[in-house]
Amino acid sequence: MNADTGQERDPGLQPERTRLAWRRTTLASTVAAVLATKTALHGSVSAVGIIACALCCALWLSFLLVAHRRISALASSDSPLALAPRHATAAALCTVALAACGAALVL
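Here is what the cut-offs are and how they apply
- Residues numbered from 1 in each chain as written.
- Predicted model: local features only at pLDDT ≥ 70, side-chain atom pairs only at ≥ 80, totals over all residues.
- Heavy atoms only, no water.
- Phe/Tyr/Trp six-rings, centres within 6.5 Å; stacked < 30°, edge-to-face > 60°.
- Helix = DSSP H or I, 4+ residues; strand = E, 2+ residues; numbered from the N terminus.
- Buried < 20%, exposed > 50% of the residue type's maximum accessible area, 1.4 Å probe, protein only.
- Expected span 1.5 Å × (residues − 1).
- Arc of directions from axis to C-beta.
- Contact = heavy atoms within 4.5 Å.
- Core = buried A, V, L, I, M, F, W, Y, C linked by side-chain atoms within 4.5 Å.
- Axes fitted to C-alpha atoms, helices over the stretch in contact; angles between N-to-C directions.
- Parallel < 35°, antiparallel > 145°, perpendicular 65-115°, else oblique.
- Nonpolar A, V, L, I, M, F, W, Y, C, P; charged D, E, K, R; others polar.
- Left-handed = near helix turned anticlockwise from the far one by under 90°.

Engineer: Tell me about the packing of aromatic side chains, and name the residues and values.
Structural biologist: Taken as a whole and judged by the stated rule, the model has 1 aromatic pair. Taking the centre distance of 6.0 Å and the plane angle of 25° together, the rings of Trp-22 and Phe-63 count as stacked. Pair noted here: Trp-22 is in helix α1 (residues 14-41) and Phe-63 is in helix α2 (residues 47-76), with a separation of 41 residues, a long-range link. One exposure class covers both Trp-22 and Phe-63, and it is buried.

Engineer: Please give an account of the environment of Ala-88 that cites residues and values.
Structural biologist: With respect to the helices and strands, the residue Ala-88 is situated in helix α3 (residues 85-106). Expressed as a C-alpha distance, the spacing of Ala-88 and Val-66, which sit 22 residues apart in the sequence, is 8.4 Å.

Engineer: How would you sum up α3? Please name residues and give values.
Structural biologist: At 3.6 residues per turn, the α-helix brings residues three or four places apart onto the same side. The terminal C-alpha atoms of α3, which comprises 22 residues, lie 32 Å apart, in line with the 32 Å expected from a rise of 1.5 Å per residue. Among all positions in α3, only Ala-91, Cys-94, Leu-98, Cys-101 and Gly-102 are buried. Looking down the long axis of α3, one finds its buried residues gathered within 100° of arc, a one-sided arrangement. In α3, the exposed positions angled more than 90 degrees off the buried face are occupied by Pro-85, Arg-86, Leu-93, Val-96 and Ala-104. In this structure, the buried residues of α3 make contact with α1 and α2.

Engineer: Go over α1 with me, naming the residues and quoting the values.
Structural biologist: Between its terminal C-alpha atoms α1 stretches 40 Å, which fits the 40 Å expected from 28 residues at 1.5 Å a residue. Of the positions making up α1, those classed as buried are Pro-15, Arg-19, Trp-22, Thr-26, Ser-29, Ala-33, Ala-36, Thr-37 and Ala-40. As for α1, its buried residues are in contact with α2 and α3.

Engineer: Which residues make up the nonpolar core, and what values do they have?
Structural biologist: Trp-22, Phe-63, Val-66, Ala-67, Ile-71, Leu-74, Ala-91 and Cys-94 together form the largest nonpolar core, which totals 8 residues. Looking at this core, the elements with two or more residues in it are α2 and α3. For this core, the leading source of residues is α2, giving 5 residues. Those residues within four positions of Ala-91 in sequence are excluded, and the remaining contacts are Trp-22, Phe-63 and Val-66. Counting residues in each nonpolar core, the second largest holds 6 residues, with Ala-33, Ala-36, Cys-56 and Leu-59 among its members.

Engineer: How would you explain the packing of α1 against α2 if you had to name every residue and give the values?
Structural biologist: For the pair α1 and α2, interaxial distance at closest approach is 9 Å and the crossing angle is 170°. For the element pair α1 / α2, the angle class is roughly antiparallel. Among the residues forming the contact of α1 with α2, the class breakdown is 18 nonpolar, 7 polar and 3 charged.

Engineer: Lay out the packing of α2 against α3 with the relevant residues and their values.
Structural biologist: Close contact between α2 and α3 brings their axes to 9 Å; oriented N to C, the two are set at 150°. As the angle between them shows, α2 and α3 are arranged roughly antiparallel. For the crossing formed where α2 meets α3, the hand is left-handed. Touching Ala-52, Leu-55, Cys-56, Leu-59, Ser-62, Phe-63, Val-66 and Arg-69 of α2 are His-87, Ala-90, Ala-91, Cys-94, Thr-95, Ala-97, Leu-98, Cys-101 and Leu-105, all from α3. Its residues assigned to classes, the contact of α2 with α3 shows 13 nonpolar, 3 polar and 1 charged.

And the structure:
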């Protein structure tokens, strides 16, 4: 409810746009994880490559869990609660770590 006017806030399409942004980010994360895995296991397979592959998959699954929870929260309510700081931090760390792993595999 808006304290000034006494009317409820109309979120419009903002929750839908946010849900779609989470889906796009999840898709991009999936592509990055698949490409990192392909790079890690291409040619001669080494212990470092397998560890990097496992790390990329773990980071991707962690991000997928956070994204799924947020997408579900956005879809289940007209006025979803704000994203918890620990979930936002987890999503950001997974994204940055996955990008770093991918960059390390390419270089």
